[in-house]
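# Working through the structure, step by step
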Amino acid sequence: MDDHESPLLSKESPPSSSSVVVSSLKWILKFVMSLIFVTWVVFLTMYPGSLGDQVLTNWRAISSNTLFGITGSMFLIFSGPILVIAILASLYLIISGEEKVFTKKKISKFPRFRLWTFPVLVDGPFGVVSAAEFLGIMIFSVFFLWAIYAYTLRNLNVLEYFHVLPKNRSIFLLELTGLRFGMIGLLCMVFLFLPISRGSILLRLIDIPFEHATRYHVWLGHITMAFFSLHGLCYVVGWTIQGQLLELLFEWKATGIAVLPGVISLVAGLLMWVTSLHTVRKNYFELFFYTHQLYIVFVVFLALHVGDYLFSIVAGGIFLFILDCFLRFCQSRRTVDVISAKSLPCGTLELVLSKPPNMRYNALSFIFLQVRELSWLQWHPFSVSSSPLDGNHHVAVLIKVLGGWTAKLRDQLSNLYEAENQDQLISPDSYPKITTCVEGPYGHESPYHLAYENLVLVAGGIGITPFFAILSDILHRKRDGKACLPSKVLVVWAIKNSDELSLLSAIDIPSICPFFSKKLNLEIQIYVTRQSEPRLEDGMVQKVVHPSVKPPRTNGCSMSVLVGTGDNIWSGLYLIVSTIGFIAMITLLDIFYINKYNIKTWWYKGLLFVVCMVASVLIFGGLVVVFWHRWGHETGKVEANGNDKVDLNGEETHNASVAELKGLDIEEDGQSYTTIRYGTRPAFREIFESLNGKWGSVDVGVIVCGPATLQTTVAKEIRSHSIWRSANHPLFHFNSHSFDL
């Protein structure tokens with residue numbers, strides 16, 4: 001192997017003056033973003049203490065004598081940094097372009113240790129936790145302890161300063177403690193909405209996909225609501241002791257904190273909190289989904305409760321979330337054509353959806369799907385089973401029938417199949433339809449499965465779906481001679497029954513890359529856990545599928561390009577213009593209304609602040625969306641004039657070269673690289689140890705897609721193997737890909 005580094009997925013091989021300039025700009029942007037972020041986090045950490053309070057007091061003295069007053073001062077120091085980082089991140093992504101660069105490095109005795117891929121905790125309430133995530137948990141834990149300690153000291157100083165009478169000290173201290181708990185809750189809420197912005201610029205910057213980031217939202221949500229609950233409880237207890245509970249509970253002051261809006265916000269938050277607990281979310285998902293829409297009530301009444309002054313602390317993250325919600329709304333209004341649909345013998349459904357040729361995505365992406373004949377409100381996430389290189393005009397998903405919604409979809413497809421095979425004519429009005437809407441695709445910013453020479457893909461059941469996209473992506477690159485780092489791939493797939501083997505029909509490996517064994521060392525190990533021996537028909541089950549049906553075209557078309565993970569220039573422009581529009585609207589409001597008419601009502605100013613946030617996204621962001629949509633429509637028409645066509649099975653044909661035609665004459669036998677074992681489960685320790693002699697001291701990317709128990713089992717073995725590994729053993733890097741929404 002060469003000692004030097006050779007770029008992978010790089011469009012320009014020799015370094016030029018322009019590439020040096022681009023690299024320099026990227027380094028400068030990364031340095032500035034890091035500096036702003038570290039300074040911001042240090043200030044947030046210091047804020048509960050006396051030093052942080054003094055810094056904020058001095059800052060307000062300097063910056064509050066402006067048009068925006070004290071609210072602008074608070075917004076600038078608490079929310080401003082995250083918006084500035086988001087804008088710089090959009091510029092960074094624009095400069096970086098669409099393709100990432102992976103390098104083939106010299107093998108050393110000690111492969112690289114990565115904080116994001118080494119599992120530290122594998123059991124417990126947090127699930128599988130990487131070293132980086134564990135470090136984050138520890139930092140937040142220390143911050144909470146420090147904040148409680150610092151605020152306790154400040155509370156005692158306040159008691160001494162005001163010379164509170166002994167009989168009132170307990171009530172005063174209780175209410176003061178409640179105030180501090182509320183402030184800690186607001187500091188947690190600064191980060192609460194950042195992980196659930198599906199197309200977030202910030203998530204794309206650090207390359208954390210939405211399905212991974214949701215767990216951070218869950219953790220922060222539990223902590224935020226715990227502090228807000230303590231905040232409300234302290235006041236309720238104090239007011240009860242005073243005998244003024246009902247009187248103060250329904251108080252709505254014009255100046256100062258309005259209590260009743262806070263009560264409404266807290267009740268909405270508690271309903272979301274209780275229904276988001278794992279047991280409730282797992283068994284009553286629709287209850288969780290519908291109650292979680294109360295976040296609008298929660299946010300709006302929080303603004304009414306604390307006013308614009310304190311609400312500006314959390315406004316940055318909420319503004320980015322509103323941007324994401326509006327863009328998702330615009331994309332999801334378009335109905336998308338279903339090119340084909342079929343049902344596999346195992347009951348899994350395959351839908352092939354139309355997409356514009358200018359929509360880019362990576363393997364391991366996923367979409368949110370709505371079928372209007374089933375529900376106008378329900379959106380369900382599904383992994384994309386097709387590779388970006390499979391074709392420019394379609395995206396395929398595999399859907400396992402597990403619940404009521406998927407069962408209804410299966411019945412709808414059955415009705416459609418029966419209608420197509422009826423002899424008599426059916427009126428268009430009574431013909432079964434499938435009207436779909438799509439959000440996404442979302443996923444990793446970079447194709448990280450291409451960052452390893454050696455891959456281990458571990459799947460359970462329908463979890464094999466995203467690995468079809470990975471295999472197809474690698475095979476296409478090998479066939480076309482494109483840069484592709486993986487050379488050894490081991491697939492470990494555990495299924496309950498052999499009828500699930502029909503899922504393998506979703507990918508035809510020899511037809512994608514004839515003679516692929518000369519270019520890729522591929523091994524597929526399948527474990528059928530609930531059968532001790534093969535059935536008679538198991539040898540044919542991979543080839544048997546139900547005929548494809550082509551649903552009647554609706555008034556829809558291909559998927560919309562309006563997705564946050566889409567074009568970097570348009571998504572960056574959408575963010576920048578909306579942010580400028582928000583600042584402009586706040587400026588005009590202050591000049592011509594608030595300052596002119598001396599508006600002092602806290603809750604009213606908080607409402608106006610929220611209205612400006614929403615209006616700036618609708619007006620200024622909406623203007624960008626209109627032009628973005630027109631651009632996507634025009635460029636899509638130009639790229640669609642190519643030679644690619646989509647057949648009934650959702651496969652795109654192309655003009656094969658002579659070499660390809662010759663290669664197709666010989667089909668490689670799937671049994672040469674596929675091993676099926678019955679009545680046993682995969683022994684991951686033995687599997688990983690067997691790779692020691694085969695692969696040696698290398699970095700191995702392990703991607704797991706399946707139930708939490710499977711992820712935990714694999715993570716345990718990786719952690720154990722990494723701790724006790726010797727110098728000539730591979731180092732495994734754990735990555736999970738699953739939905740827990």
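Residues numbered from 1 in each chain as written. Predicted model: local features only at pLDDT ≥ 70, side-chain atom pairs only at ≥ 80, totals over all residues. Heavy atoms only, no water.

## Description of the overall build of the chain
- Across its full length, the chain holds 22 helices and 19 strands.
- Going through the 741 residues of the chain one by one, you find that 52% of them count as buried.
- A separation threshold of at least 6 residues defines the contact pool for the chain, and within that pool the share at least 24 residues apart is 80%.
- For the chain, the accessible surface area stands at approximately 34,600 Å², while carbon and sulfur atoms represent 62% of it. (Helix = DSSP H or I, 4+ residues; strand = E, 2+ residues; numbered from the N terminus. Buried < 20%, exposed > 50% of the residue type's maximum accessible area, 1.4 Å probe, protein only. Contact = heavy atoms within 4.5 Å. Areas by Shrake-Rupley, 256 points an atom, 1.4 Å probe, with all protein chains shown as cover.)

## What about empty space enclosed by the protein?
- Inspection of the entire model under this criterion finds six cavities of 30 Å³ or more.
- The volume enclosed by the largest cavity comes to roughly 170 Å³.
- Around the largest cavity, the lining is made up of 14 residues, and of these Gly199, Ser200, Ile201, Leu320 and Leu323 lie nearest the centre.
- For the lining of the largest cavity, the elements supplying multiple residues, two or more each, are helix H7 (201–205), helix H14 (315–332) and helix H18 (568–594).
- No other element matches the four residues that H14 contributes to the lining of the largest cavity.
- A per-class count over the lining of the largest cavity returns eight nonpolar, five polar and one charged. (1 Å grid on protein atoms, 1.4 Å probe; cavity = no way out; pocket = protein on both sides within 12 Å on 5 of 7 lines; lining within 4 Å. Points joined across faces, edges and corners; volume = space filled by probe spheres on them. Nonpolar A, V, L, I, M, F, W, Y, C, P; charged D, E, K, R; others polar.)

## Considerations on the pattern of salt bridges
- Within this structure, the stated rule accounts for eleven salt bridges.
- Between arginine 198 and glutamate 439 there is a salt bridge; the shortest N-O distance is 2.5 Å. One end of the pair, arginine 198, is in the loop between helix H6 (166–192) and H7; the other, glutamate 439, is in strand E11 (residues 436–442), with 241 residues separating them in the sequence. Here the two residues arginine 198 and glutamate 439 agree in accessibility, since each one is buried.
- As a salt-bridge pair, arginine 477 and aspartate 473 come within 3.5 Å of each other at their nearest N and O atoms. Taken together, the residues span about one helical turn, with arginine 477 and aspartate 473 both in helix H16 (residues 465–480) at a distance of four residues.
- Judged by relative accessible area, which is 11%, arginine 477 ranks as buried.
- For aspartate 473, a relative accessible area of 2% translates into the label buried.
- Each of Arg198, Asp324, Arg328 and Glu439 takes part in salt bridges that share partners, so that together they form one network. (Salt bridge = Lys/Arg side-chain N within 4 Å of Asp/Glu carboxyl O.)

## Considerations on the sheet that holds strand E8 (residues 366–371)
- The four strands lie next to each other as E5-E11-E8-E9, forming an open sheet whose pairing is antiparallel. Each having just a single partner strand, strand E5 (335–336) and strand E9 (380–383) make up the two edges of the open sheet.
- Direction of pairing for E8 relative to E9: antiparallel, over a ladder of four bridges. Paired with leucine 369 across the bridge in E9 is histidine 380. (Pairing = 2+ DSSP bridges.)

## So, the nonpolar core
- Counting 90 residues, the largest nonpolar core has Phe78, Met189, Phe311, Ile318, Leu320, Tyr574 and Met613 as its most contacted members.
- Residue contacts for methionine 189: discarding those within four places in its chain leaves Thr224, Phe228, Phe298, Val299, Leu302, Val314 and Ile318.
- In terms of nonpolar packing, the next biggest core, distinct from the first, is built from 41 residues, Ile509, Phe516, Leu520 and Tyr678 among them. (Core = buried A, V, L, I, M, F, W, Y, C linked by side-chain atoms within 4.5 Å.)

## Focus: the packing of aromatic side chains
- Taken as a whole, this structure holds 38 aromatic pairs when the rule is applied.
- With centroids separated by 6.1 Å and ring planes inclined at 50 degrees, the aromatic side chains of phenylalanine 43 and tyrosine 47 adopt a geometry described as tilted. This pair shows no difference in class: phenylalanine 43 is buried, exactly as tyrosine 47 is.
- Connected via pairs of aromatic rings, a cluster forms that spans Phe37, Trp40, Phe140, Phe143, Phe144, Phe181, Phe191 and Phe227.
- In this arrangement the basic side chain of arginine 198 is found over the ring face of phenylalanine 368, its NZ or CZ atom lying 3.8 Å from the centre.
- A cation sits over an aromatic face here: arginine 281 above phenylalanine 288, 5.9 Å from the ring centre. (Phe/Tyr/Trp six-rings, centres within 6.5 Å; stacked < 30°, edge-to-face > 60°. Lys NZ or Arg CZ within 6 Å of the ring centre and 35° of its normal.)

## Things to note about the packing of H14 against H18
- Where H14 contacts H18, the two axes come as close as 11 Å, and the packing angle between them is 125 degrees. Taken together, the axes of H14 and H18 lie oblique to each other. Taken as a pair, H14 and H18 cross one another with a handedness that is right-handed. When H14 is examined against H18, the residues Phe319, Leu320, Leu323, Phe326 and Leu327 are found in contact with a partner set consisting of Tyr574, Leu575, Ser578, Thr579 and Phe582.
- For the contact of H14 with H18, the residue count by class is eight nonpolar, two polar and no charged. (Axes fitted to C-alpha atoms, helices over the stretch in contact; angles between N-to-C directions. Parallel < 35°, antiparallel > 145°, perpendicular 65-115°, else oblique. Left-handed = near helix turned anticlockwise from the far one by under 90°.)

## Concerning a nonpolar patch on the surface
- Residues Val21, Leu25, Trp27, Ile28, Phe31, Val32 and Leu35 make up a contiguous nonpolar surface patch of roughly 690 Å² in combined accessible area.
- Summarising the element assignment, leucine 35 is placed in helix H1 (residues 17–46). (Patch = residues over 30% accessible without salt bridge, like charges linked within 9 Å, V, L, I, M, F, W, Y side chains within 5 Å.)

## Quick notes on the sheet that holds strand E7 (residues 349–354)
- If you trace the three strands from one edge of the open sheet to the other, you get E6-E7-E10, paired in antiparallel fashion. Every interior strand has two partners, whereas the edge strands, strand E6 (338–343) and strand E10 (394–399), have only one. This sheet shows a mean twist of 15 degrees between the axes of neighbouring strands, independent of strand direction.
- As paired strands, E6 and E7 are joined by five bridges and run antiparallel to one another. When the sheet's bridge partners are listed, alanine 341 is paired in E7 with leucine 351.

## Digging into the packing of helix H3 (residues 69–78) against helix H4 (residues 80–96)
- Taken N-terminus to C-terminus, the directions of H3 and H4 make an angle of 50 degrees; their axes are 4 Å apart at the nearest point. As far as their axial angle goes, H4 and H3 are oblique. On H4, the residues that touch Phe75, Leu76, Ile77 and Phe78 of H3 are Gly80, Pro81 and Leu83.
- Partitioned by chemical class, the residues of the contact of H3 with H4 number six nonpolar, one polar and no charged.

## Section: unusual backbone geometry
- Going from glycine 440 to proline 441, the amide bond is cis rather than trans, its omega being 5 degrees.
- The backbone of leucine 364 shows a phi angle near 75 degrees, a positive value even though the residue is not glycine.
- If you trace the backbone, leucine 364 turns up in the loop between E7 and E8.

## Here we look at H14
- The terminal C-alpha atoms of H14, which comprises 18 residues, lie 25 Å apart, in line with the 26 Å expected from a rise of 1.5 Å per residue.
- Taking burial as the measure, the 18 residues of H14 include 16 buried ones, the bulk of the element. (Expected span 1.5 Å × (residues − 1).)

Fair warning: the whole summary comes from geometry, so function is off the table for now.
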